[in-house]
Amino acid sequence: MDAVKGSKVLSVQSNNGGRLWEVQLAGPDGTERRLEVDDSGKVSGGRVNTDEGEKGRGMGISKDARLSFDDAAAKVSSVVPEGRITHMSLDRYGDDALVWDAGVLTSEGVWRGVKVDARSGAVTKNG
């Protein structure tokens, strides 16, 4: 988030076994950026999405979410404490459902999907 001041995380996706992460951010004006962050924290590459429709979408969902990425990640980790989050994204389902949708790999190698309501913080899926 330091690479784009005032931004909010929309999604993270682990690549190469967690050695590289693709991070999607919404800037203060809604402009979406996809950055690559390596396991040392170095930011490289990056794409800017200037599509006005996407700009509005990113701004809308980031403003509507009361639960930040960090808070949602903490909630997911409390539900699957032995797991490692491999991806997490802020998504709108239907007309009103706004959730943090996470994929978690347990220490036993089992994939679990967890959804957290981005407004209330309630876990709506765990399995």
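Refer to the structure above for everything that follows.
This section reports on the structure supplied with the text. (Residues numbered from 1 in each chain as written. Predicted model: local features only at pLDDT ≥ 70, side-chain atom pairs only at ≥ 80, totals over all residues. Heavy atoms only, no water.)

**Here we look at the pairing of strand β6 (residues 97–105)**
In the case of a regular strand, side chains alternate between the two sheet surfaces.
Moving on, step 1. With 7 of its 9 residues buried, β6 lies for the most part within the structure.
Moving on, step 2. In terms of strand pairing, strand β5 (residues 84–93) meets β6 through 9 bridges, oriented antiparallel. Among the inter-strand pairings, Tyr93 is bridged to a residue of β6, identified as Ala97.
Moving on, step 3. The hairpin turn running from β5 into β6, its antiparallel successor, is 3 residues long, and Gly94 in that turn takes a positive phi close to 65 degrees.
Moving on, step 4. Across 7 bridges, β6 lies against strand β7 (residues 111–117) in antiparallel orientation. Looking across to β7, one finds that Leu105 is bridged to Trp111.
Moving on, step 5. From the end of β6 to the start of β7, which pair antiparallel, there are 5 residues, and Gly109 there has a positive phi angle of about 85 degrees. (Buried < 20%, exposed > 50% of the residue type's maximum accessible area, 1.4 Å probe, protein only. Helix = DSSP H or I, 4+ residues; strand = E, 2+ residues; numbered from the N terminus. Pairing = 2+ DSSP bridges.)

**Here we look at the sheet that holds β5**
Moving on, step 1. The antiparallel open sheet is built from 8 strands, whose spatial order is β4-β3-β2-β1-β5-β6-β7-β8. Of all strands in the sheet, those with a lone pairing partner are β4 (43–49) and β8 (123–126), marking the two edges. Neighbour to neighbour, the strand axes of the sheet diverge by 20 degrees on average, direction disregarded.
Moving on, step 2. Pairing of strand β1 (residues 8–15) with strand β2 (residues 20–26), which is carried by 7 bridges, proceeds in the antiparallel orientation. Along β2, the bridge assignment pairs Ser11 with Gln24.
Moving on, step 3. Contacts between helix α2 (residues 69–79) and the sheet are confined to β1, β5, β6, β7 and β8, with β5 contributing the most and set at about 120 degrees to the helix. (Axes fitted to C-alpha atoms, helices over the stretch in contact; angles between N-to-C directions. Contact = heavy atoms within 4.5 Å.)

**Concerning the side chain of Glu32**
Moving on, step 1. Turning to its location among the elements, Glu32 is positioned in strand β3 (residues 32–38).
Moving on, step 2. For Glu32, a relative accessible area of 4% translates into the label buried.
Moving on, step 3. Side chain to side chain, Glu32 and Gln24 meet in a polar contact 2.4 Å long. (Polar contact = N/O pair within 3.5 Å; in protein donor to acceptor, adjacent residues only side chain to side chain.)

**Some points on the environment of Gln24**
Moving on, step 1. Mapping Gln24 onto the fold places it in strand β2.
Moving on, step 2. Of the residues examined, Gln24 reaches a relative accessible area of 7% and is grouped as buried.
Moving on, step 3. Spatially, the C-alpha atoms of Gln24 and Asp64 are 17 Å apart, while their sequence positions differ by 40 residues.
Moving on, step 4. Leaving out residues up to four positions away in the same chain, Gln24 has contacts with Lys8, Val9, Leu10, Ser11, Glu32, Arg33, Arg34 and Arg57.

**Focus on the pattern of salt bridges**
Moving on, step 1. Across all of its chains, the model carries 5 salt bridges by this definition.
Moving on, step 2. Residue Arg92 pairs with Asp64 through a salt bridge whose shortest N-O separation is 2.8 Å. Of this pair, Arg92 sits in strand β5 while Asp64 is found in helix α1 (residues 52–64), placing the two residues 28 residues apart along the sequence.
Moving on, step 3. Here Asp96 and Arg119 are joined by a salt bridge, their closest N and O atoms 3.6 Å apart. Linking Asp96 in the loop between β5 and β6 with Arg119 in the loop between β7 and β8, this pair joins segments that are 23 residues apart in sequence.
Moving on, step 4. According to the relative accessible area criterion, Arg119 is partly exposed, its value standing at 24%.
Moving on, step 5. What emerges from the salt-bridge pattern is a single network uniting Asp64, Arg92, Asp96 and Arg119. (Salt bridge = Lys/Arg side-chain N within 4 Å of Asp/Glu carboxyl O.)

Function cannot be inferred from these measures alone, as they are strictly geometric.
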